[in-house]
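# Secondary and tertiary structure notes
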Amino acid sequence: MGDVMVIDTRGSPYARLAPAPLNRVIINDMFWKPRIDSLIDKTLPLQYEFLEKTGRLDNFRTAGGKKGGAFIGLWFNDSDVYKWVEASAYALVQRWSRDLYEKLLNVVKDISDAQESDGYINTYVQLQKIDRWANLAWSHELYCGGHLIQAAIAIKRSLSNEVLFNTAIRFSNLLLETFGYGEKKLKTSDGHPEIELALVELYRETGRKDYLELAKFFIDIRGRGYVANTNKLGELYPMLRVSPVHIVDHAPIREMSDFAGSHAVRALYFFSGVTDLYLEIGDLVLWDALERLWNKAMKKIYITGGLGSRHDGESFGEDYELPNERSYSETCASVAWVMWAWRMFLASGVSTYMDAAERTLYNAALAGISIDGTRYFYVNPLADYHGKYLRQPWYDCACCPTNIIRLLSYIPSLIYSISRSRPEIWVNLFIGNKAEIDLHGNRVRVDMETNYPWDGKVVLKISPEKVDEFSLMIRIPEWADTARAKIRGKAIEAKPGSYLEIAGKWDVEELVELEIPLRPRLITAHPWIEADYGKLAIARGPLIYALEEIDNKFDIRNLVVRPEEINLREVHEPKLLDGIVAIEGEGYVVNEDELYSGKLYREYSGYRGKQAVLENRVIFRAIPYYAWNNRGRTRMGIWIKRI
């Protein structure tokens with residue numbers, strides 16, 4: 001097997017870095033390896049059963065003439081099958097499963113057999129017998145096609161199987177004939193971006209520049225009103241009309257300055273595709289736009305790394321519009337954010353982007369799947385004061401369950417990067433693994449041992465095949481107070497929020513010891529985030545913590561803390577929630593509701609709960625946010641009132 005790349009920027013002229021091949025990094029730690037094992041043993045097989053039970057696979061069989069019947073489910077259900085295929089292909093690189101492999105091949109055959117002779121494939125359009133491309137503003141035809149292409153590339157790279165790849169090529173060639181600036185071609189794109197980044201990756205896989213040009217066309221045509229207007233049914237049925245802002249068609253990318261009101265996943269997929277295009281063509285106007293939009297996104301992101309604050313349209317809000325209990329923070333948006341951050345990092349080598357990816361990965365994204373890998377959240381609120389949320393084994397709209405498994409399958413490739421122009425190995429994430437990296441012709445073994453995120457000690461054993469000069473670049477997270485590396489007995493102080501470079505001649509086996517002290521920290525929000533004003537959150541390392549009422553024998557809404565008295569301390573719980581470090585602290589319970597005697601408002605006469613505060617001192621407990629709701633319904637909150 002050759003190198004298996006999720007994003008192959010090795011030949012991208014404007015990429016500073018390329019990811020380590022997926023198959024050259026095998027995870028073996030106690031935090032992520034159980035999740036990878038669960039993905040292969042439980043999550044992917046269970047999702048296959050749901051794809052069967054809900055008719056998603058039967059849609060392909062019906063379209064392929066293997067059985068009779070009508071289309072079942074939502075019009076974009078094909079994409080769930082494609083995402084499952086992609087995740088399965090990459091997961092099999094980490095650990096083989098004959099059963100999963102055979103299921104995968106059967107699904108691939110059903111998909112390929114459903115394709116029409118000219119290359120078209122979309123089971124909703126085929127079985128409903130509606131016009132192709134006529135309702136792109138909402139039909140998701142190109143969105144589903146993009147996921148088809150990504151799945152096909154994954155199988156080709158991971159398993160050397162080209163059946164689905166040939167299907168994707170035929171579909172992509174049909175797109176070349178159908179869309180573009182030429183006479184009689186359609187000058188529009190899909191209401192849900194995704195095709196853009198898929199076509200760029202197809203260009204990387206095939207070397208065919210027409211795929212890259214088509215991706216550029218889909219990016220350049222957006223923001224001019226063509227996409228929102230591609231909706232014949234919207235002319236007849238007002239409920240099917242779409243807002244240009246919602247589908248990110250409100251401004252050309254080079255001019256876009258804000259995306260409040262835009263569907264979060266659409267926007268982030270689009271920005272990911274634009275970044276992919278930049279990596280190939282080096283358009284600095286695009287890069288300026290991407291940096292501008294990234295900086296705007298940093299005013300719309302939750303402390304957990306979640307994105308999309310509005311339930312209305314699953315969309316971004318205005319700057320600082322970040323409600324907690326009404327937070328949407330869709331799991332798909334977390335996946336899309338990591339995808340964008342990863343690409344921005346590969347373009348620049350700037351640690352800010354990998355810091356952002358880590359925060360989302362360990363918090364908002366990981367919260368989207370239960371610890372045992374069998375249940376999911378579609379939305380990820382930062383508070384549940386009414387105990388109404390409960391993870392589900394599946395959803396009618398199953399975009400999130402099938403998306404989080406893609407992200408889990410990508411993780412090995414996120415850990416390391418290799419400089420394209422210099423002899424450098426970049427260490428991005430601290431996940432125990434054994435890796436083999438081709439560094440400009442020198443095979444370098446890297447063994448990483450760590451108990452991160454519970455412990456900040458990381459030991460790297462660097463073993464080049466031959467003595468060589470190169471640099472080891474180690475990310476020092478921006479949340480760290482201090483960090484220190486040690487090599488050959490020499491200590492090196494490191495600067496948080498940057499990459500530490502350790503350069504020199506590396507012998508057959510060298511040890512690098514990294515120490516990033518972890519401690520509970522209190523976090524305060526920008527004062528313009530109205531929902532968090534006068535409140536504090538707790539963090540430790542990359543993890544954000546939450547209070548569940550199951551651990552606290554009081555209404556957590558009544559907890560208040562004094563920062564100078566909170567006395568945060570770590571509690572190691574090896575048997576709780578598959579092993580965590582909990583945090584305990586001291587505060588006060590004040591039932592201020594009683595002071596209002598059933599009224600919503602009263603005349604202010606000072607803080608009347610002061611005496612009650614002094615009389616109701618409690619010890620509270622917090623757990624990592626990703627682990628909440630793994631023990632059933634209970635009240636939960638991240639932000640704590642301070643006095």
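Everything below is about the structure printed above this text.
Each value, and the rule that gives it
- Residues numbered from 1 in each chain as written.
- Predicted model: local features only at pLDDT ≥ 70, side-chain atom pairs only at ≥ 80, totals over all residues.
- Heavy atoms only, no water.
- Helix = DSSP H or I, 4+ residues; strand = E, 2+ residues; numbered from the N terminus.
- Rg over C-alpha atoms; globule rule 2.2 N^0.38 Å.
- Buried < 20%, exposed > 50% of the residue type's maximum accessible area, 1.4 Å probe, protein only.
- Contact = heavy atoms within 4.5 Å.
- Lys, Arg positive; Asp, Glu negative; His and termini not counted.
- Charge placed at Lys NZ, Arg CZ, Asp CG, Glu CD.
- Pairing = 2+ DSSP bridges.
- 1 Å grid on protein atoms, 1.4 Å probe; cavity = no way out; pocket = protein on both sides within 12 Å on 5 of 7 lines; lining within 4 Å.
- Points joined across faces, edges and corners; volume = space filled by probe spheres on them.
- Nonpolar A, V, L, I, M, F, W, Y, C, P; charged D, E, K, R; others polar.
- Salt bridge = Lys/Arg side-chain N within 4 Å of Asp/Glu carboxyl O.

### Considering the overall build of the chain
Across its full length, the chain carries 17 helices and 22 strands. Computed over the C-alpha atoms, the radius of gyration of the chain is 25 Å, within 12% of the 26 Å expected from 2.2 N^0.38 for a compact globule of 643 residues. For the chain, the proportion of its 643 residues judged to be buried stands at 64%. Put simply, of all contacts in the chain between residues at least 6 apart along the chain, 69% involve residues at least 24 apart. Distance between charge centroids for the chain: 1 Å, based on 81 positive and 87 negative side chains.

### Regarding the pairing of strand β5 (residues 424-427)
Of the two faces of β5, the one carrying E424 and W426 and the one carrying I425 and V427 are both buried. One ladder, built from three bridges, connects strand β4 (residues 416-419) with β5; its direction is antiparallel. Bridge pairing in β5 links S417 to W426. Count of turn residues in the β4/β5 antiparallel hairpin: four residues. Across four bridges, the pairing between β5 and strand β9 (residues 468-476) is parallel. Bridging from a neighbouring strand, I425 pairs with L472 of β9.

### Section: empty space enclosed by the protein
The final tally for this structure, using the stated rule, is two cavities of 30 Å³ or more. What lines the largest cavity is a set of 13 residues, among which V6, E86, Q150, E201 and R343 lie closest to the centre. Secondary structure elements with two or more residues in the lining of the largest cavity: α3 (78-94), α7 (141-159), α9 (195-206) and α14 (331-348). Residue classes in the lining of the largest cavity are distributed as eight nonpolar, one polar and four charged.

### Let's talk about the pattern of salt bridges
Under the counting rule described, the total for this entry stands at 54 salt bridges. Taking the shortest distance from any N to any O, the salt bridge between R617 and E565 comes out at 3.5 Å. Taken as a pair, R617 in strand β20 (residues 617-624) and E565 in the loop between β17 (559-561) and β18 (569-573) lie far apart in primary sequence, 52 residues in all. Look at R617 and you get partly exposed, because its relative accessible area is 45%.

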